[in-house]
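Spelled out from the first residue to the last, the chains are:
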Amino acid sequence: MTELGLPEDILACLFDLDGVVTKTAVVHAAAWKEMFDEFLREREGEHFRPFDDADYDEYVDGRPRADGVRTFLASRGIDLPEGDPDDPPQTPTVHGLGNRKNDLLLEKIRTDGVEAYDGTLRYLEAVRAHGLRTAIVSSSANCRDVLRAIDAEDLFDVRIDGVVAAERKLPGKPHPDTFLAAAHDLGVEAARCAVFEDALAGMDAGRSGRFGYVVGVDRVGQTDALYAHGAHRVVKDLAELGGTA
């Protein structure tokens, strides 16, 4: 292992955004819960079963927005029309619910701002100082704005986010395609890339893409699940891996 806590043959590092670089995973979870609880309460009345943390981890976390809506609704036996990507937020369609969630997310970010994990920023600087390439790989369509808000856009050589994935028609996590696209754009084969993820869907993507090293970042007490989904190592903060710029 190198002083960065990575195998010697790793040449590039691919980072998820929410929960790895920024403290926005909890904001996403809150927006999803508010949106789904509103929908379920209206549909099922006072006997509705709320959206909970287990639902978020299993069906939503790390997935593209529309996939998260579909996957969770399917778990409750609910089938909605797809609708159109520009459906108004109150429309009872997959895209309408997804747009409602995004409105709630942006409102929470505007109100509370965005914070970065200092340990991740220091680790990113160390990685780059050691000559490794870096990419941000996120299902979020708001990725660039969030990076700019924390002044971190220049820490990444490549960005594959929800906007780029839609343009290239790349399926999102748990499929490995967005991570593979980042490796391709960096000019590094997957076997020589490390993936950094906090979501179980991201672990699955790292495993199925046959990446050289997969680091699970446990912010919520799911170490065992991260290992079960393919992590080579799990840390609570990237500072644990070492490295100095």
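Look up: the structure comes first, before these words.
First, a word on scope: everything that follows refers to the structure included in this document. Here the structure is a predicted model, which is why all the values come from computation and not from measurement.

So, on to the packing of aromatic side chains. Using the criterion set out here, one finds nine aromatic pairs in the structure. Between Phe-36 and Phe-72, the ring centres sit 4.4 Å apart and the planes meet at 50°, which makes this aromatic pair tilted. Here Phe-36 is found in helix α1 (residues 25–44), whereas its partner Phe-72 is found in helix α3 (residues 65–75), with 36 residues between them in sequence. With respect to burial, Phe-36 and Phe-72 carry one shared label: buried. Residues Phe-51 and Phe-72 carry aromatic rings whose centres are separated by 4.9 Å and whose planes lie at 80° to one another, so their mutual orientation is edge-to-face. Residue Phe-51 is located in the loop between α1 and α2 (53–60), and its partner Phe-72 is located in helix α3; the two are separated by 21 residues in the primary sequence. For Phe-51, a relative accessible area of 2% puts it in the buried group. Put simply, the rings of Trp-32, Phe-36, Phe-51, Tyr-59 and Phe-72 touch in pairs and so form one group of aromatic residues.

In this section: the nonpolar core. Within the largest apolar cluster, 56 residues are counted, with the highest numbers of intra-cluster contacts made by Leu-6, Phe-15, Phe-196 and Leu-238. Sorting elements by how many residues they give to this core places α1 first, with nine residues. If near-sequence neighbours (up to four positions away) are discounted, Phe-196 is found in contact with Leu-6, Cys-13, Leu-14, Phe-15, Asp-16, Val-20, Tyr-123, Val-215, Leu-238 and Leu-241. Counting residues in hydrophobic clusters, the runner-up holds 24 residues, among them Val-137, Leu-186, Val-188 and Ala-190.

So, how was this worked out
- Residues numbered from 1 in each chain as written.
- Predicted model: local features only at pLDDT ≥ 70, side-chain atom pairs only at ≥ 80, totals over all residues.
- Heavy atoms only, no water.
- Phe/Tyr/Trp six-rings, centres within 6.5 Å; stacked < 30°, edge-to-face > 60°.
- Helix = DSSP H or I, 4+ residues; strand = E, 2+ residues; numbered from the N terminus.
- Buried < 20%, exposed > 50% of the residue type's maximum accessible area, 1.4 Å probe, protein only.
- Core = buried A, V, L, I, M, F, W, Y, C linked by side-chain atoms within 4.5 Å.
- Contact = heavy atoms within 4.5 Å.

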